[in-house]
Amino acid sequence: MRNLPKTLTGAVLATALLTACSGQPSAAPSPSPTPTYQLTPRPVRPGEHPVTAAPVTDGDIRFQVIGLQTGLSGFVGSHGEWQAKGQYVVVRIVAENPGRTNSRFVAGRQRLLTADGTAHAVNRFAQAIKRQPDTLPLGAEVRIEMDLWFDVPKNAKITGVRLYGDPPLGVGGTTQGATVPLG
């Protein structure tokens, strides 16, 4: 009973300190929002349609499709002209390695999907003439933007693109791919 006044005084003092002047218990400070980069918007290239699909991840690479061109009969590169056997379809992507180790992007693994169920490979000649990468290392936190050129039948209906990343460090084999709808 003798210690009751000391205990009561301690409890009252603790409550007063916790509520400060507001009369409300103090809450933990809320974390500040993570700042974001303010990148300058730029126009979509002539003949290209913007794509607003959500990003997808396969293996160590996060992809976002940002543009699509269809129905191209041919093109001119820096030193050559090339005609499509059917039509060229160009998919503009952003590939990003959000990890802490290197990853590898291989354009030849990417596939354009059509309504007949075919998965079309990148056209290596178009990629080369348009100076787009075939295979390249993506360093830690590296982000690149590029085109994938496909030559598909003239009347093919494009339904999506399947994008393949590099397996995580220490994991053998290949990844399953992530599909982005385009149709």
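Residues numbered from 1 in each chain as written. Predicted model: local features only at pLDDT ≥ 70, side-chain atom pairs only at ≥ 80, totals over all residues. Heavy atoms only, no water.

Observations concerning the overall build of the protein
For the protein, the helix and strand inventory stands at two helices and 11 strands. Along the protein, helices (α) and strands (β) appear in the sequence α-β-β-β-β-β-β-β-α-β-β-β-β when read from the amino end. Looking at the protein as a whole, 36% of its 183 residues qualify as buried. For the protein, restricting intrachain contacts to residue pairs at least 6 apart in sequence, the fraction spanning at least 24 positions comes to 66%. (Helix = DSSP H or I, 4+ residues; strand = E, 2+ residues; numbered from the N terminus. Buried < 20%, exposed > 50% of the residue type's maximum accessible area, 1.4 Å probe, protein only. Contact = heavy atoms within 4.5 Å.)

What to know about the sheet that holds strand S7 (residues 119–121)
Across the sheet, four strands lie side by side as S7-S6-S10-S11; this open sheet has antiparallel pairing. This sheet does not close on itself; its edge strands, each paired only once, are S7 and strand S11 (178–181). On average, adjacent strands in this sheet sit at an angle of 30° to one another, irrespective of strand direction. With four bridges connecting them, strand S10 (residues 158–163) and S11 associate as antiparallel partners. Within the sheet, the bridge partner assigned to glycine 160 lies in S11 and is proline 181. (Pairing = 2+ DSSP bridges. Axes fitted to C-alpha atoms, helices over the stretch in contact; angles between N-to-C directions.)

A few points about the layout of surface pockets
Taken as a whole, the largest pocket spans an internal volume of roughly 430 Å³. For the largest pocket, the lining is made up of 17 residues, of which Arg42, Pro43, Ile66, Val94 and Glu145 are closest to its centre. Of all the secondary structure elements, the ones that give two or more residues to the lining of the largest pocket are strand S3 (61–76), strand S4 (81–96) and strand S9 (143–152). It is S3 that provides the largest number of residues to the lining of the largest pocket, a total of three residues. (1 Å grid on protein atoms, 1.4 Å probe; cavity = no way out; pocket = protein on both sides within 12 Å on 5 of 7 lines; lining within 4 Å. Points joined across faces, edges and corners; volume = space filled by probe spheres on them.)

A short note on the nonpolar core
Inside soluble globular proteins, nonpolar side chains tend to come together where they are buried. Val91, Phe105 and Leu182 are the most contacted members of the largest nonpolar core, which has 27 residues in total. Those elements that provide at least two residues to this core are S3, S4, strand S8 (135–138), S9, S10 and S11. Among residues more than four places away in sequence, those in contact with valine 91 are Val65, Gly67, Leu68, Leu112, Met146, Asp147, Leu148, Phe150, Val161 and Leu182. Among the nonpolar cores identified, the runner-up in size contains seven residues, and Phe75, Ala84, Tyr88 and Val90 belong to it. (Core = buried A, V, L, I, M, F, W, Y, C linked by side-chain atoms within 4.5 Å.)

Here's the deal with the packing of aromatic side chains
The full count for this structure, using the stated rule, is five aromatic pairs. Here the aromatic residues Phe75, Tyr88 and Trp149 are joined through ring pairs into a cluster of three or more. (Phe/Tyr/Trp six-rings, centres within 6.5 Å; stacked < 30°, edge-to-face > 60°.)

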